[in-house]
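Summary of the model geometry
Here is what each chain is made of, one letter per residue.
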Amino acid sequence: EINDNNLFYILDCNKVHDLKSVELLIKMTKYSKKKVVVIILTKILECKRHLIDGSWDNYIKRSIKFLKKLEPLARDNGIKIAIENHQDFDSNDFLKITDNFQKDDTIGINFDIGNALAVCEDPMTFCKKIIHKINNVHIKDYIINETKEGFLLSNCSIGKGSVDLKPILKLINKK
């Protein structure tokens, strides 16, 4: 019915480093017109990297090892893996991760535009750095509020917040 109505779906995996779950989603995605599986590599929000056991660099290395196991299966099934910027990895982290994979975009990024703010990066700057690795886009807007501790990101309707979405979407569409 989805295909008959010219629609598509994208499957998300909310489990971290769970190979069997992502393998199942890869197999299920073969029925979708959009051959993308979105994954997260942490449950971190608000860039709270101190919650990770061990160093951040070691966590990135473990994530690369996990993705190396997924890459052949995804490629063999014509599926793209899109790692969400889930308020955890900044653009430099994503480049460290994705530079370890072939240039065919099997392993790429799900660019959740508003989440760039959570790692203290301007969304347009973030986008320009990782645009060649984008496999999927989530559109999100936030209102930025100053607090005693720093700042608070509050969800809001698209176009009502602090993210200037139009030029970002124009750049992505052009690329």
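A few words on the packing of helix α3 (residues 91-98) against helix α4 (residues 123-130). As a packed pair, α3 and α4 sit with axes 9 Å apart at the nearest point and diverge in direction by 15°. When the axes of α3 and α4 are compared, the pair comes out roughly parallel. Considering the relative orientation of α3 and α4, their crossing is right-handed. For the pair formed by α3 and α4, the contact residues are Ser91, Asn92, Phe94 and Leu95 on the first element and Phe126, Lys129 and Ile130 on the second. Residue composition of the contact of α3 with α4, by class: 4 nonpolar, 2 polar and 1 charged.

All right, on to the side chain of aspartate 93 then. Examined against the element boundaries, aspartate 93 turns out to sit in helix α3. A polar side-chain atom of aspartate 93 sits 3.1 Å from a polar atom in the side chain of tryptophan 56.

With respect to topology, 5 strands assemble into an open sheet ordered β1-β2-β3-β4-β5, the strand pairing being parallel. Pairing within the sheet leaves two strands with one partner each, and these edge strands are β1 (11-13) and β5 (134-138). Within the sheet, the average angular offset between the axes of one strand and its neighbour, ignoring direction, is 30°. Relative to strand β4 (residues 107-112), α3 is tilted by about 160°, and along the sheet it contacts β3 (80-84) and β4.

It is worth spelling out helix α1 (residues 19-29) at this point. Considered for burial, the residues of α1 that qualify are Ser21, Val22, Leu25, Ile26 and Thr29. Projection of α1 onto a plane perpendicular to its axis shows the buried side chains occupying an angular sector of 140°, all on one side. Each element contacted by the buried residues of α1 is listed here: β1, β2 (36-39), α2 (56-76) and β3.

For the rest of this paragraph, the subject is the nonpolar core. By size, the foremost hydrophobic cluster in this structure holds 46 residues, and its most contacted members are Val22, Ile39, Leu67, Ile81, Ile97 and Phe111. No other element matches α2, which puts 8 residues into this core. With sequence-adjacent residues up to four places away left out, isoleucine 39 is seen in contact with Cys13, Val22, Phe66, Leu67, Leu70, Ile81, Ala82, Ile83 and Glu84.

Let's shift gears to the pairing of β4. Counting buried positions along β4 gives 6 out of 6 residues, so the element sits mostly inside the fold. As paired strands, β3 and β4 are joined by 4 bridges and run parallel to one another. When the sheet's bridge partners are listed, isoleucine 81 is paired in β4 with isoleucine 107. Remark: the β3/α3/β4 crossover connection has right-handed handedness. When β4 meets β5, the two strands line up parallel, connected through 4 bridges. Along β5, the bridge assignment pairs aspartate 112 with histidine 138. Handedness of the crossover joining β4 and β5 through α4: right-handed.

Analysis parameters
- Along each chain, the written sequence defines residue order, and numbers are assigned to residues from 1.
- Only residues with pLDDT of 70 or above have their local features reported here, since the model is predicted, and side-chain atom pairs are shown and tallied only from 80 upward, although totals for entire chains, interfaces and linings are computed over all residues.
- To obtain the side-chain values, all non-hydrogen atoms of the structure were used and water was disregarded.
- Simply put, an axis is a line fit to the C-alpha atoms, just over the touching stretch for a helix, and the angle between two N-to-C directions goes from 0 to 180 degrees.
- Only DSSP runs of H or I reaching four residues or more are called helices, and only runs of E reaching two or more are called strands; each is numbered from the N terminus.
- An angle below 35 degrees is treated as roughly parallel, one above 145 as roughly antiparallel, one from 65 to 115 as roughly perpendicular, and anything else as oblique.
- With the far helix as reference, a near helix turned anticlockwise by less than a right angle produces a left-handed crossing, and one turned clockwise produces a right-handed crossing.
- By the convention used here, residues are in contact when the closest approach between their heavy atoms is within 4.5 Å.
- When residue character is reported, Ala, Val, Leu, Ile, Met, Phe, Trp, Tyr, Cys and Pro are called nonpolar, Asp, Glu, Lys and Arg charged, and the others, Gly included, polar.
- Under the rule applied, a polar contact is a pair of N or O atoms within 3.5 Å (in protein, one hydrogen donor and one hydrogen acceptor; residues adjacent in sequence only if both atoms are side-chain atoms).
- Strand pairing is defined by DSSP finding a minimum of two bridges between the two strands.
- For each residue, the accessible area found with a 1.4 Å probe, counting protein chains only, is set against the maximum for its type, and the residue is called buried under 20%, exposed over 50%, and partly exposed in between.
- Arc, as used here, means the arc of the directions from the helix axis to the C-beta atoms.
- The set of buried Ala, Val, Leu, Ile, Met, Phe, Trp, Tyr and Cys residues whose side-chain atoms join them within 4.5 Å is what this entry labels a nonpolar core.
- Crossovers are described as right-handed under a simple rule: with the strands pointing away from the observer, the path leading from the first strand over the helix to the second runs clockwise.

Purely spatial values, then, with no claim about function.
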